Number of protein chains: 2
Amino acid sequence: MPVRMKDIAEDLGVSLMTVSKALRNHPGVAEETRRRVCQRARELDYEPNLIARSLAGHRSFLIGLVVPDLMHSFFAEVAKGIEGRLAPSGYQIVICSSGEDTETELRAIKLLLARKVDGLIIASAAPHASRSMVELLEGGKARYVLIDRVVLNGKANYVGVNDDKAGFLATEHLIEQGCTRIAHLRGSMVSTGRGRLRGYHRALAKHGLKVPLEYVISGGHQDSTGYDAMQRLLQLNPRPDGVFCYNDPVAIGAMRAIIEAGLDVPHDIAVVGAGNIRYSDMLHVPLSTINYSTLQVGQSAAELLLQCIESKTPLPPKRILFPPRLVVRKSSLRHPPPASGIGRVLASAQLQKHAR
Amino acid sequence: MPVRMKDIAEDLGVSLMTVSKALRNHPGVAEETRRRVCQRARELDYEPNLIARSLAGHRSFLIGLVVPDLMHSFFAEVAKGIEGRLAPSGYQIVICSSGEDTETELRAIKLLLARKVDGLIIASAAPHASRSMVELLEGGKARYVLIDRVVLNGKANYVGVNDDKAGFLATEHLIEQGCTRIAHLRGSMVSTGRGRLRGYHRALAKHGLKVPLEYVISGGHQDSTGYDAMQRLLQLNPRPDGVFCYNDPVAIGAMRAIIEAGLDVPHDIAVVGAGNIRYSDMLHVPLSTINYSTLQVGQSAAELLLQCIESKTPLPPKRILFPPRLVVRKSSLRHPPPASGIGRVLASAQLQKHAR
DNA sequence: TAGCACAAATTTACCGCTACATATGAAATG
DNA sequence: CATTTCATATGTAGCGGTAAATTTGTGCTA
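Nothing here was measured: the structure is a model prediction, and the numbers come from that model.

A.B. asks: Help me understand the packing of aromatic side chains, please; the structure alone is not making it clear to me.
C.D. replies: Any two aromatic rings considered together are summarised by their centre-to-centre distance and by the angle between their planes. Residues and elements named next belong to chain A. Counted under the stated rule, the structure contains six aromatic pairs over all chains. Each ring, one from phenylalanine 61 and one from tyrosine 91, has its centre 4.8 Å from the other, and the planes form 45°; the classification is tilted. Residue phenylalanine 61 is located in the loop between helix H4 (50–57) and strand S1 (62–67), and its partner tyrosine 91 is located in the loop between helix H5 (73–86) and strand S2 (92–97); the two are separated by 30 residues in the primary sequence. You can call tyrosine 91 buried: its relative accessible area is 4%. Through successive ring pairs, a cluster of aromatic residues spans Phe74, Phe75 and Tyr292. Directly above the ring of phenylalanine 61 sits arginine 59, whose terminal nitrogen or CZ lies 4.8 Å from the centroid.

Set out below in structure tokens:
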């Protein structure tokens, strides 16, 4: 059995509370006593039982993180950002992946709350705030920050990226590249999906482009579904000459479909993704994409959550949006800008590579 | 304040213990009573306080996972495998990334033990078992499984891949492709690094190939370090005509260096990585690599850990090795096999794509 | 020298739950 | 009818800490 405070106390002939205070650097302990206690604790390899401490202290130093998919490099990077910000303060992270399933997500949140995590960071799989979710989160005094996908309109802390703008940037870029029949492999109707779709429409409208309804279809959120969806787009007549994809994996799947159909990216069909996942610059056709400041999303979410936890009074909800940035690579570069410009674009794509 | 068992007990006019037993389906409670208790609990939205339960029950239903890098898709996938196996049994995962730093890793493990996790799964950053690590793990009654990298020789549970064989397969493949000056961008001296290096040497020896000492240099474990290391290899005279890289990120970096130097992959230099990370088949030059059954590593590790936790008596340490598998893609295909063969190889590469 | 202020140490009372031991009472036994 | 038996229900005693109230003891003032 491991050493307990009680053991140290008896060993030293002092009271339990003296030990407790001494170890936590609480005031009200003589310097001399504190030294003796700390030394003995070190000698005995004492480690406080964090479970007991959590129960008595109403503080677990655990943060729950709920994401749709651990494997997706976006969430992996977010998780890394969160951990980086939280670990120095002594917090650890309980990670749950919902597999994009609302039920699983809800169960995970419930379990995390039962575990008395000090806070939650959630990238929800739910398209809208379900009643149960709201009750769960607002019912208790839970501190939480939503990331990536908005679920509770306005009322909650949120850190993410301006998805509308992302969609707009990507689509306008395709237009500038001379595409006129621009399709969109949209995501599910979570806020990121909705935002990118809205931006896509906004860009088309601004430039007076009309596209058939069938040009917007669901591409799922991974390469396999993107592949399938793109095959359907390829059947259309006239077929699109540009595609904005919900995310990079979908775009990668789409490119595979296009290339397998014997067509050229970008000249037959230009492709833009979103997320700038790792190695998207090293792909067969380097992928143009929208860069999301992923690490920062994680860090800010952690930062914000810490503030909520530390503060005594509930803070007014904050909403942090990072601006997306267009990264041009070969998959959309069908129509090279004037000679002087091409160097700049490529150079910036190059820089992009080494930025990581 | 949330509802407690005590509240339900008073409400129903039964004792606390009756409630406790009823809710956990313990024997010794009348069916009728159990129903009443459970119903009231549901009505009041009772959720057991898991902290208290852990403290009293000596069981936290938490598993600690320590990995060098969350962002690395290998570990992300392992984590996914672990979670998939553990979540159904009610366990959750506390994840820590050490950033390949031994000190950080040790601190994380200490913290996890102080939290009284029921078990640990560790992919250690340490090249050898440090004394403190052994004391920590063997000192208490901690259940743990090492993955990917062996640290405690033989005495511990371990799940991983046969790295020696991986190195051998990769190198022999390069030899079969006609390479004679095969370099190795080795990893650090963790067991995976050592194993792959040994396999590399074994393959060279078997085929009577001698290479200069400078052909084996450290390539770090990410694309940026692989890029730098490859640039150094390119200075050598004669320069290598094949490189086996510690892992895929390093291989990707190496390919970048080679291509930027104006050389061709695979004809000037053939490249093989290890890990078969996502999208390595969609790279500019699709990467030949060694496939590690990553998800399975995670699942078996979780499985093994569960057995250790469930079993009363300490089980004898087990050691599970998955066989690596060569995946041939363009980056090493310089010397096409006989016509009848080429279809097969490509077909298998193709299958590989869709296997995920 | 009684009285007071103050720091240092201790005592008491939990946190919310579980394990283990004990009590209760109705049916079964001789 | 006293006694054993059994299923059910209840106390008691923690798990290993923390917070808040209380005691102890010292030096200082009036």
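After that view, the rundown keeps rolling.
A.B. asks: Which parts of the structure should I look at to understand the pattern of salt bridges?
C.D. replies: Any two side chains of opposite charge can pair, so long as their charged atoms come close to each other. Scanning all chains against the criterion turns up 38 salt bridges over all chains. Ionic pairing is found between arginine 40 of chain A and glutamate 43 of chain A, a salt bridge with its closest N-O pair at 2.3 Å. Of this pair, arginine 40 of chain A and glutamate 43 of chain A are both found in helix H3 (residues 31–43), three residues apart, which corresponds to roughly one turn of the helix. Given a relative accessible area of 46%, glutamate 43 of chain A falls into the partly exposed group. Taking the shortest distance from any N to any O, the salt bridge between glutamate 32 of chain B and arginine 35 of chain B comes out at 2.9 Å. With a gap of three residues between them, glutamate 32 of chain B and arginine 35 of chain B both fall in helix H3 (residues 31–43), about one helical turn apart. A relative accessible area of 45% means that glutamate 32 of chain B is categorised as partly exposed.

A.B. asks: Any chance you could explain the protein's contact with DNA strand C here in plain terms?
C.D. replies: Residues in contact with DNA strand C amount to 25 residues; listed here are only the nearest, Ser15 and Met17 of chain A together with Met5, Ser20 and Tyr46 of chain B. By atom count, sugar and phosphate contribute 71% of the portion of DNA strand C lying within 4 Å of the protein. Here a phosphate oxygen of DNA strand C and a side-chain polar atom of threonine 18 of chain A are 2.9 Å apart.

A.B. asks: Would you take a moment to explain the pairing of strand S6 (residues 182–186) of chain B for this structure?
C.D. replies: Remark: a regular strand shows side chains that alternate across the two faces of the sheet. Residues and elements named next belong to chain B. Among the five residues that make up S6, four are buried, leaving the element largely enclosed by the rest of the structure. Where S6 and strand S8 (residues 242–245) come together, four bridges link them in parallel fashion. Residue pairing in the sheet places alanine 183 in a bridge with valine 243 of S8. With three bridges joining them, S6 and strand S7 (residues 216–218) adopt parallel strand pairing. The partner of histidine 184 across the bridge, within S7, is valine 216. Crossover handedness for the path S6 to helix H9 (residues 191–206) to S7: right-handed.

A.B. asks: Honestly, the interface of chain A and chain B in this entry has me stumped. Any pointers?
C.D. replies: Accessible area lost upon the coming together of the parts is a frequently used measure of interface size. The interface is formed by 52 residues belonging to chain A together with 52 residues belonging to chain B. One can count four salt bridges joining chain A with chain B. Where aspartate 69 of chain A meets lysine 80 of chain B, a salt bridge forms, and the shortest distance between an N and an O atom there is 3.3 Å. In this structure, the connection of chain A to chain B is made through 19 residue pairs in polar contact (both at pLDDT 80 or more). When residues of the side of chain A that touches chain B are traced back to their parent elements, those giving at least two are H4, H5, S2, helix H6 (102–114), helix H10 (223–235), helix H11 (248–260) and helix H13 (339–354) of chain A. In terms of strand pairing, S2 of chain A meets strand S2 (residues 92–97) of chain B through three bridges, oriented antiparallel. Bridge assignment links valine 94 of chain A to a residue of S2 of chain B, and that residue is valine 94 of chain B.

A.B. asks: Looking at this model, I keep getting lost on the sheet that holds strand S9 (residues 270–272) of chain A. Mind explaining?
C.D. replies: Two orientations exist for strands paired in a sheet by backbone hydrogen bonds: parallel and antiparallel. Residues and elements named next belong to chain A. Spatially, S7-S6-S8-S9 is the arrangement adopted by the four strands of the open sheet, whose pairing is parallel. Each edge of the sheet is formed by a strand with only one pairing partner; in this case those strands are strand S7 (216–218) and S9. When the angles between neighbouring strand axes are averaged without regard to direction, this sheet yields 20°. Taken strand by strand, helix H9 (residues 191–206) contacts strand S6 (182–186), S7 and strand S8 (242–245), and its axis lies near 170° from that of S6.

A.B. asks: Help me understand the relation of the copies chain A and chain B in this model?
C.D. replies: One copy of the chain maps onto the second through a rotation about an axis and a displacement along it. Rotating chain A by 180° and moving it 0.0 Å along the rotation axis overlays it on chain B with an RMSD of 0.0 Å. Both chain copies can therefore be described as sitting about a two-fold axis. A share of 100% of interface residues in chain A that are also interface residues in chain B marks the association as one of identical surfaces.

What counts, and at which threshold
- Residues numbered from 1 in each chain as written.
- Chains lettered and ligands numbered in written order.
- Predicted model: local features only at pLDDT ≥ 70, side-chain atom pairs only at ≥ 80, totals over all residues.
- Heavy atoms only, no water.
- Phe/Tyr/Trp six-rings, centres within 6.5 Å; stacked < 30°, edge-to-face > 60°.
- Helix = DSSP H or I, 4+ residues; strand = E, 2+ residues; numbered from the N terminus.
- Buried < 20%, exposed > 50% of the residue type's maximum accessible area, 1.4 Å probe, protein only.
- Lys NZ or Arg CZ within 6 Å of the ring centre and 35° of its normal.
- Salt bridge = Lys/Arg side-chain N within 4 Å of Asp/Glu carboxyl O.
- Near = heavy atom within 4 Å.
- Polar contact = N/O pair within 3.5 Å; in protein donor to acceptor, adjacent residues only side chain to side chain.
- Pairing = 2+ DSSP bridges.
- Right-handed = clockwise from strand over helix to strand, strands pointing away.
- Contact = heavy atoms within 4.5 Å.
- Axes fitted to C-alpha atoms, helices over the stretch in contact; angles between N-to-C directions.
- Least-squares fit on C-alpha atoms with pLDDT ≥ 70 in both.

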